[in-house]
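# Commentary on secondary and tertiary structure
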Amino acid sequence: MKTRSVERQEKPYRPLNEVTRSQKEFECHDVDGTIVGFCFPDFTQGLNVPGYHLHFLSKDRKAGGHILDCIMTRGTLFLDHTSNFHMELPKRKEFLDADLAKDTRDAVDEAETCRSRRAL
Ligand SMILES: [Zn+2]
């Protein structure tokens, strides 16, 4: 299991790809735990990150984070297909004034790629 975590962020918040450049990456082997997450379809680009977004928490709760890579040898999978999604947006001026129209795909790709893969 390979996961990442970023440091707690303070205002002014930096873009995700900038924050993840200094992320901490963790690797553990032969560990039991729980994986939870979402899989958003491609048409949600702009509202969320299309594809799988999974987090891990070890059974002993001593390891976890955003999953960068994993090999699962056994487990039980529960799927919940849903046709609705509720999203609440902030009403604060900072959010309303933010430039959210720009294409963030490259920044998201950079943020979602683990450091060892970036080096290849
Ligand atoms: Zn995450």
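Details of the structure are given in the entry above.
To keep things clear, this report deals only with the structure shown in the data block.

### What about the packing of aromatic side chains?
Scanning the entire structure with this criterion turns up 2 aromatic pairs. Between the aromatic rings of Phe40 and Phe85, the centroid separation amounts to 5.4 Å while the plane-to-plane angle is 85°, which identifies the pairing as edge-to-face. Of this pair, Phe40 sits in strand β3 (residues 33-40) while Phe85 sits in the loop between β5 (64-69) and α2 (93-97), and the two are 45 residues apart along the sequence. Through a chain of ring-to-ring contacts, the aromatic side chains of Phe38, Phe40 and Phe85 assemble into a single cluster.

### Let's talk about the coordination of the zinc ion
Protein-derived ligands of the zinc ion are His53 (NE2), His55 (NE2) and His66 (ND1), with the metal-ligand distances lying across 2.0 to 2.1 Å. Donor residues binding the zinc ion come from one chain and are separated in sequence as H-x1-H-x10-H. A relative accessible area of 27% means that His53 is categorised as partly exposed.

### A look at the sheet that holds β5
Pairing in this open sheet of 5 strands is antiparallel, and the strands run β2-β1-β5-β4-β3 from one edge to the other. Pairing within the sheet leaves two strands with one partner each, and these edge strands are β2 (24-27) and β3. Going across the sheet, the axis of each strand differs from the next one's by a mean of 35°, ignoring polarity. The sheet contact formed by strand β1 (residues 2-5) and β5 spans 3 bridges and is antiparallel. Each residue of the ladder has a partner; that of Thr3, found in β5, is Ile67.

What counts, and at which threshold
Residues numbered from 1 in each chain as written. Predicted model: local features only at pLDDT ≥ 70, side-chain atom pairs only at ≥ 80, totals over all residues. Heavy atoms only, no water. Phe/Tyr/Trp six-rings, centres within 6.5 Å; stacked < 30°, edge-to-face > 60°. Helix = DSSP H or I, 4+ residues; strand = E, 2+ residues; numbered from the N terminus. Donors = N, O, S within 2.8 Å, 3.2 Å for Na, K, Ca; no water. Buried < 20%, exposed > 50% of the residue type's maximum accessible area, 1.4 Å probe, protein only. Pairing = 2+ DSSP bridges. Axes fitted to C-alpha atoms, helices over the stretch in contact; angles between N-to-C directions.

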